[in-house]
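Below, each chain spelled out in residue letters.
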Amino acid sequence: MTTSCDVLIQGGGGAGCSAALHMAQRGLRVVLLERGLVGGQASGVNYGGVRQQGRHPAELPIARRSREIWGRLKELIGTDAEFEVTGHLKLARDEAEEAELIAYLDVAKAYDLPLRMIGRNAIHQEYAWLGPKVVAGSFAPEDGSANPRLLVPALARAARAAGADIREHAEVVEHAHDGTRFHLRTSGGDSFAAPVLLNMAGFWGGALAARFGEPVPVVPLSPNMAVTEPVRYFIEPNLGVVGGNVYLRQIRRGNVIIGGGHGESDPAVPWSRPLPEVTLQTLRRAVELVPALAGVNIIRSWSGIDGKMPDRIPVIGPSRTTPGLFHAFGFSGHGFQLGPGIGAIMAELVLDGRTDIPLDAFRIDRFLETAA
Amino acid sequence: MRVAVVGAGPAGVRAVEALVAAGLTPVWIDEAPDGGGRIYQRPPPGLLRDPGKLYGFEAGPATALHAALDALKPRTDWRPETLVWHLRPGAQRLSTLHRGRQAELAYDAAILCTGAMDRVIPIPGWTWPGVTTLGAAQIALKTQGCGIGRRVVFLGTGPLLWLVAYQYAKAGAQVAAVLDTTPFATKAMAAPGLLRGGTTFAKGLYYTAWLRARGVRIAEGITPLAIEGTAHGVTGVAWRDSAGRTHHVDCDATGMGWGLKPEAQLADLAAVPFRFDAQQHNWVPQRDAAGRTPVPGIYLAGDGAGIGGAEVAEIAGARAALALLEDSGHRVDAAQVTRLDARLARQARFRTALERAFPFPAALARAMADDTILCRCEGLRAGELRAAARAEAATGPAPEVNRAKAFTRVGMGRCQGRICGAAAAEILAAELGRDVAEVGRLRGQPPVKPIPIAPAAEAA
Ligand SMILES: Cc1cc2nc3c(=O)[nH]c(=O)nc-3n(C[C@H](O)[C@H](O)[C@H](O)COP(=O)(O)OP(=O)(O)OC[C@H]3O[C@@H](n4cnc5c(N)ncnc54)[C@H](O)[C@@H]3O)c2cc1C
Ligand SMILES: Cc1cc2nc3c(=O)[nH]c(=O)nc-3n(C[C@H](O)[C@H](O)[C@H](O)COP(=O)(O)OP(=O)(O)OC[C@H]3O[C@@H](n4cnc5c(N)ncnc54)[C@H](O)[C@@H]3O)c2cc1C
């Protein structure tokens, strides 16, 4: 028997579950198919940075839209997913890095992103625990962080409450399009049909796009993560650096979450693991930023799998080959913050045929053009 | 061929012995300052004591194992005080930490002899200062010559309960009570099978009789109610007997434990699959009778591969080494293999009876009061885990333990669920109305034990 609906979503990460919620809220019959558990991949294991500062200019309108939703998560999904507006402090460790911070101020201004530059003297006064290598910083007061383990399951639960049909352990293994409707089959043998299909399958979105004749050069990206035991709370802002080779944040419980470099993964299984030498290298960088971390114990490390595009921005928008197919995947290591907004934008794209957010930079066929 | 042996307890010593006999020079690693493992852990140098006093009935095997250990050290690349905190099966590398120094070690084959730890069921008051596991109480006595208190209650079940109580009493501590959650009748019913264990069973009977004869208060088939105390320490223990009457005894320390569970994190990182062993009521890494795992080059022996005790660990260590030698094209003595296999089979039958005699009281964990601290690292109470299993939770229900960990932080702290994991799985299973095997086990993640961040100066 085939289940018919208005919209089929493949992939239950932050993007897919937010889309399910927003579309169900507008009355569409939505079925979301997730291979494992919702939020079991990148969206559930990431660093938890809810950051706008430093993003590619094309992403800033989505990030702004998403940030507005982050601010009202509790009403929307019943939990704030531990979202805290701690600010994001991006640090420079030499003059070249400082120049980059200064250059970004203009980008921020153009997109109404509040940003405050902190110079050489002030930075060590304001943040006495920073190491001597730090020469400057730029502070984004609206940014912060959240608990990735909570966001997606809560989005999914809210989507279900709004009427969406969210199926877990339902890997889509067959896709067809008969000219008007998509026909999907899961590994469990269930069939689904709908005129609209959203490709929100993270790294694996590339395979789905290829299935409909639009392959893209997406590769797996596995950021390397570690977390310390809880220690006295003293690092309030979410910390990053120019170049991004280390980032860290402390939660109120006291644990410090530290990211940097890349682990290893096999998306075919899928599995991902941190690499010990990368963890140790990242810790060396972290202790340079915050010397007081010396002696604190690492209790766990991990990684995950996101899809990385060559230009490090996602694919978002309608398919060029198949009417009714829409893509939103390949968030290139920074789609956690974007997830809630992406769902809202995709709902507009499908229901209204348009959105105020400029999406041209994210066209799926942009790689064809550069290749040609 | 580069062979690494992790662990220098009974299993590790006999594994290394067989490898050295075959002409190999393995790298031999233990995080402890010296070998001996848990049962034959040695006091630090300068605190030498008479083996008879230290190990009692086990003085003979202890002395023999220590002699083998000391003879083997110079014939191997012996690395004490070295923690293996990660193992990458694909790259065949171990990540080690020795006195703050990190090192990577390549191996072609590894025998993991990582031993066991106490299995704990949190009960009200278990976080007061002065409460330890049974094993920790014993280690304090064995290696430091000191007790966990002057007037001690031992609580839980299993052979270690009676052994530790005996050892404390013998050392001159006042044993205020031995409280066994297993009813006498359960143990009596398993007695015929236990007799096959011969001396081991006799020892157990002896300890119990010895304690009784000295008027130590003994209660079996009890339900612990609380360990009473203040921020300054334990003051007493309250329990209910099988007839429903409540009792109390004053004490200043409590040792508790309900059998053992394998320390199998390295096997987990090595990607060895696990199965739930209903008899042991533990998740155990998969291996054949000789210790081969489905992961090429990874062998397991001793309590880390499933609880069997020290005698089994010694046989299994030797057997796993022979399997490794056989698999890598060395000639092994077929008669020796047959002998070891026969001894392992005999021990397995005894083990079945032992598990029947001291079953894990899953019901005790399942009935844990909502306000009892379940995960002490994260300060999480049993009720908070139950709430996460319910459909009304903002995240929806957690269908298995890793999801419950993600939602509640149970098992996310310093111990990575080594202490609360078993009880957490029972509570979740009860709340979901499932069998405990169905809610899974907490997946291991590196490091297997905490590793410190090095200071910036040293880091360069
Ligand atoms: C370790 C790490 C740290 C990160 N840190 C940050 C950060 O701090 N801030 C930030 O903004 N971003 C961060 N990111 C990036 C961010 O997590 C991702 O960009 C984002 O979560 C992607 O969301 P998604 O919904 O596209 O993908 P996913 O969360 O991967 O969801 C896609 C889903 O599709 C499912 N799927 C795939 N194929 C099929 C199929 N055939 N049938 C059914 N289902 C299928 C998958 O199982 C998966 O659940 C990080 C990523 C990682 C891995
Ligand atoms: C605290 C305690 C006390 C016990 N006391 C008794 C007793 O008195 N009598 C009895 O019959 N049984 C006792 N047991 C049961 C015990 O498990 C077995 O008797 C026996 O010691 C098992 O031998 P093994 O070689 O398998 O493991 P163990 O003797 O436990 O040896 C394992 C060794 O591996 C090392 N190791 C583990 N992980 C790592 C790592 N990641 N990196 C480096 N080194 C590592 C440990 O330091 C240890 O030395 C006790 C168990 C515990 C936990």
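Residues numbered from 1 in each chain as written. Chains lettered and ligands numbered in written order. Predicted model: local features only at pLDDT ≥ 70, side-chain atom pairs only at ≥ 80, totals over all residues. Heavy atoms only, no water.

## Here's the deal with helix α3 (residues 59-72) of chain B
Along an α-helix, residues three or four apart share an orientation, since each turn contains 3.6 residues.
Residues and elements named next belong to chain B.
No. 1: In a regular helix each residue adds 1.5 Å, so 14 residues correspond to 20 Å; α3 covers 20 Å between its end C-alpha atoms and thus fits that length.
No. 2: Within α3 the residues assigned to the buried category are Ala59, Ala62, Leu65, His66, Ala68, Leu69 and Leu72.
No. 3: Looking at the buried residues of α3, the elements they touch are α1 (10-21), β2 (27-29), α2 (51-55) and α9 (310-327). (Helix = DSSP H or I, 4+ residues; strand = E, 2+ residues; numbered from the N terminus. Expected span 1.5 Å × (residues − 1). Buried < 20%, exposed > 50% of the residue type's maximum accessible area, 1.4 Å probe, protein only. Contact = heavy atoms within 4.5 Å.)

## Some words on the pattern of salt bridges
No. 1: In this structure the tally under the stated criterion is 52 salt bridges over all chains.
No. 2: In this structure, Asp356(A) engages Arg354(A) in a salt bridge whose closest nitrogen and oxygen atoms are separated by 2.9 Å.
No. 3: Salt bridges sharing common partners tie together Glu264(A), Arg273(A), Glu277(A) and Arg88(B). (Salt bridge = Lys/Arg side-chain N within 4 Å of Asp/Glu carboxyl O.)

## So, the sheet that holds strand β10 (residues 172-177) of chain A
Residue and element names in this part refer to chain A.
No. 1: Pairing is mixed in the open sheet, where four strands are placed in the order β1-β12-β11-β10. Two strands lie at the open edges of the sheet, namely β1 (2-4) and β10, each paired on one side alone. Adjacent strand axes in the sheet meet at a mean angle of 20° when their direction is disregarded.
No. 2: Bridge count between β10 and strand β11 (residues 182-186): five bridges; the pairing is antiparallel. Across the sheet, histidine 177 pairs through a bridge with phenylalanine 182, a residue of β11. (Pairing = 2+ DSSP bridges. Axes fitted to C-alpha atoms, helices over the stretch in contact; angles between N-to-C directions.)

## Quick look at the domain arrangement of chain A
All names here are of chain A.
No. 1: When the domains of chain A are assigned, the result is domain 1 (2-49 + 149-218 + 310-371) and domain 2 (88-141 + 223-303).
No. 2: Here domain 1 and domain 2 have C-alpha centroids that lie 30 Å from each other.
No. 3: With nine residues of domain 1 in contact, the opposing surface of domain 2 contributes eleven residues.
No. 4: Carbon and sulfur atoms make up 60% of the surface buried where domain 1 meets domain 2, a total of about 760 Å² over both sides. (Domains from an automatic or database assignment. Buried area = accessible area lost by both parts, 1.4 Å probe.)

## Quick notes on the packing of aromatic side chains
No. 1: Taken as a whole and assessed by the stated rule, the structure comprises 17 aromatic pairs over all chains.
No. 2: A ring pair is formed by Phe203(A) and Trp204(A), whose centres lie 5.6 Å apart and whose planes are at 85°; its orientation type is edge-to-face. Both residues of the pair, Phe203(A) and Trp204(A), belong to the buried class.
No. 3: Ring-pair connections join several aromatic residues into one group, and the members of that group are Phe57(B), Tyr166(B), Tyr206(B), Tyr207(B) and Trp210(B). (Phe/Tyr/Trp six-rings, centres within 6.5 Å; stacked < 30°, edge-to-face > 60°.)

## Here's the deal with the site of ligand 2
Residues and elements named next belong to chain B.
No. 1: Taken together, 33 residues surround ligand 2, and among them Ala11, Asp30, Arg38, Gln138 and Asp303 come closest.
No. 2: The contact in question runs from an oxygen atom of ligand 2 to an N or O atom on the backbone of proline 10, over 3.2 Å.
No. 3: Contacts to ligand 2 include aspartate 303, whose side-chain N or O atom sits 2.6 Å from an oxygen atom.
No. 4: With the chains in place, 92% of the 960 Å² that ligand 2 exposes on its own is no longer accessible.
No. 5: Looking at the shell around ligand 2, the elements that each hand over two or more residues are α1, β4 (82-88), β8 (116-118), α4 (134-144), α5 (159-170) and α9.
No. 6: Per element, the largest residue contribution to the shell around ligand 2 is four residues, and it comes from α4.
No. 7: Looking at side-chain class alone, the shell around ligand 2 contains 18 nonpolar, ten polar and five charged residues.
No. 8: Here the shell around ligand 2 spans two domains, since at least three of its residues come from each of domain 1 (3-117 + 261-355) and domain 2 (120-258). (Near = heavy atom within 4 Å. Polar contact = N/O pair within 3.5 Å; in protein donor to acceptor, adjacent residues only side chain to side chain. Areas by Shrake-Rupley, 256 points an atom, 1.4 Å probe, with all protein chains shown as cover. Nonpolar A, V, L, I, M, F, W, Y, C, P; charged D, E, K, R; others polar.)

## Section: the packing of α9(B) against helix α10 (residues 334-357) of chain B
Residue and element names in this part refer to chain B.
No. 1: The contact between α9 and α10 brings their axes to 10 Å, and the two run at 145°. In this structure, α9 meets α10 at a crossing whose hand is left-handed. In contact with Glu311, Val312, Ile315, Ala316, Ala318, Arg319 and Leu322 of α9, α10 contributes Gln336, Val337, Leu340, Asp341, Arg343, Leu344 and Gln347. (Left-handed = near helix turned anticlockwise from the far one by under 90°.)

## Focus: the pairing of strand β13 (residues 196-199) of chain A
Residue and element names in this part refer to chain A.
No. 1: By the alternation rule, side chains of β13 split into Val196 and Leu198 and Leu197 and Asn199, which are all buried.
No. 2: Bridge count between strand β2 (residues 7-10) and β13: four bridges; the pairing is parallel. For valine 7, the partnering residue across the bridge sits in β13 and is valine 196.
No. 3: Examined bridge by bridge, β13 and strand β24 (residues 325-329) share three bridges and lie parallel to one another. Paired with asparagine 199 across the two strands is histidine 327, which belongs to β24.

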